[in-house]
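# Residue-level structure breakdown
Residues per chain are reported as follows:
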Amino acid sequence: MDAREIRKVYLDFQAEHGHAVIPRAKLVPQDDPTTLFTGSGMQPLLPYLLGKPHPQGRRLADSQTCLRVQDIEEVGDNRHTTFFEMLGNWSLGDYFKAEQLPWVWTFLTDKVGLDPERIFVTCYSGDEENGIAKDTESAEIWTRLFTEAGISADQADVGTEEHAAAVGTGGARIAFYSKKNWWCRGGSAAAMPPGEPGGPDSEIFYLFPSIEHDPAYGEHCHQNCDCGRYIELGNSVFMEFAKNDAGGFDELPAQNVDYGGGLERIAAASIDSPDVYRISLMWPIIERLQELSGKSYDTHTVALRVVADHLRGATFLAVDGIVPSNKTQGYVMRRLVRRAIRFAFELGLEEDFFPQILPVIGELYASDYPEVAESLDRVTAVLVKEEKAFRRTLRKGLKQLRGYRRTGVGGEELFVLYDTFGFPVELSTEEAKNQGIELQDGWRQAFEAKLNEQRARSQQASTMKP
Ligand code: ATP
Ligand code: MG
Ligand code: MG
Ligand code: MG
């Protein structure tokens, strides 16, 4: 099934179960100054999960466009992109585990057609210290679902001998984790203030047996192993408890469900690909980049992934009204654009190429997100202007950087590259690594000190009277 169909089937499926399908929130939160970007489906709905009534009722669903700058270093692997869509459904004090987990199962196996044999899940192992019980309720529901499908549902606590033994036979179908499967805002169960809600989380993974476990990540492979053999498709958070004054946990009178599943990853699983760039919403971008550059995905995988991802993210930022600047969201957008241009250099794309790629991205989203179609001319103008501006200084900056080959690069040099050539610091440090140029110890602190000095200077200048 292709990604657009999956999005539609998911939302139809949720509507059949009484959910109001709501529009995506913009990538820039409207009334939340604490975060730069919408990074999950839950984020814009948090006030409702905390008790405010939602005008559209107690069952909601959407596909939320997300931007996670914190994942930028991961971009280039097979499953992390800065921009992605999260399929979500929520129960605001309505249904709970007994409905949610079978729905996730039916959606993935019946609707998307994933192989139930390759689905593995995790549940919360409990926390004795803080008096929170193991989530046996979720585990029992999963056991029933697997058993009905003729699959043995062995359980094991990760890190125990039982688990190691199960791994030998292909991994425990239901693995229990502690902190990884506990949801609360910020920090841990121990650090939560009284009244704060929290609860267990149950995650779903898809196994790619063709990927060999890499022992560099640990002796035994398991659901949360970073080797990439299991790919996380989604998770259901059950907001079940609130912390009491004595430091223990009481059941909440109204319990919520928050589900988030990665559209790109589910779409990849449905075509049996561990690589999200192979899906219908991404591959046309890679194909066009291959045509333009004459470089193949087999040999230039990372550069092609980074360019495709960053331009998709920058496009949606522009759709949502952001323009490149030196502050907050605008600076992140600028970093995405500049990084895309730098990685395009590796593909031999040294001339302006955004005008060839942006229409491809526009076409992928235009009919499902009319705001993309409506703003494409404006978006293209914004990004093409930024491309031209940066390209002028890029070559000079790279030359400057190579000039540091003998001395290495420290905060001082990074600041020159940032200030004179507009190089975001990770662009300079990555490039230095690429070129085998030494990064001096403490470069980050030294760079930040320089940056602060400059900020102080410009503040002073703006408050000085003539
Ligand atoms: P991971 O452990 O793989 O980094 P996560 O636990 O950080 O994922 P969640 O916050 O649980 O992700 O988000 C819900 C779902 O969104 C994930 O299960 C995954 O399918 C998808 N997702 C999360 N981050 C990314 C990303 N950077 N790129 C693509 N999909 C993502
Ligand atoms: Mg993550
Ligand atoms: Mg995870
Ligand atoms: Mg997760």
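Residues numbered from 1 in each chain as written. Chains lettered and ligands numbered in written order. Predicted model: local features only at pLDDT ≥ 70, side-chain atom pairs only at ≥ 80, totals over all residues.

By the naming in an unreviewed UniProt entry, the protein is alanine--tRNA ligase, taken from Nakamurella flava.

## A closer look at the site of ligand 1
Using the following cut-off: Throughout this description, a residue near a molecule or strand is one whose C-beta atom, derived from the backbone, lies within 6 Å of it. Secondary structure counts use DSSP, requiring at least four H or I residues in a row for a helix and at least two E residues in a row for a strand, with both numbered from the N terminus. Amino acids outside the nonpolar list (Ala, Val, Leu, Ile, Met, Phe, Trp, Tyr, Cys, Pro) and the charged list (Asp, Glu, Lys, Arg) are all regarded as polar, and Gly is one of them.
The immediate surroundings of ligand 1 are formed by 16 residues, with D71, H80, F84, G260 and G262 found nearest. Every element with two or more residues in the shell around ligand 1 is listed here: β3 (83-91), β9 (230-243), β10 (249-262) and α6 (263-270). Counting residues per element, the shell around ligand 1 draws most heavily on β9, which supplies four residues. Per-class residue counts for the shell around ligand 1 are three nonpolar, eight polar and five charged.

## Quick notes on helix α9 (residues 328-346)
Our working rule: What a helix should span is 1.5 Å times the count of its residues minus one. Exposure classification rests on a simple neighbour count of other C-beta atoms within 10 Å of a residue's own: a residue reaching 20 or more is buried, one at 12 or fewer is exposed, and one in between is partly exposed. C-beta atoms are placed from the backbone.
With 19 residues, α9 extends 28 Å from end C-alpha to end C-alpha; this agrees with the ideal 27 Å at 1.5 Å per step. α9 sits mainly inside the fold: 14 of its 19 residues count as buried. One or two residues past the end of α9 sits G348, with phi positive at roughly 80 degrees.

## What to know about the pairing of β3
The criterion, for reference: Two strands form a pair only when DSSP identifies at least two bridges running between them.
The buried fraction of β3 is high, at nine of nine residues. Burial along β3 is two-sided: the residues F83, E85, L87, N89 and S91 and F84, M86, G88 and W90 are all buried. The sheet contact formed by strand β2 (residues 59-67) and β3 spans nine bridges and is antiparallel. Bridged to A61 within β3 is N89. Relative to β10, β3 runs antiparallel, the two sharing six bridges. The residue of β10 that forms the bridge with S91 is V257.

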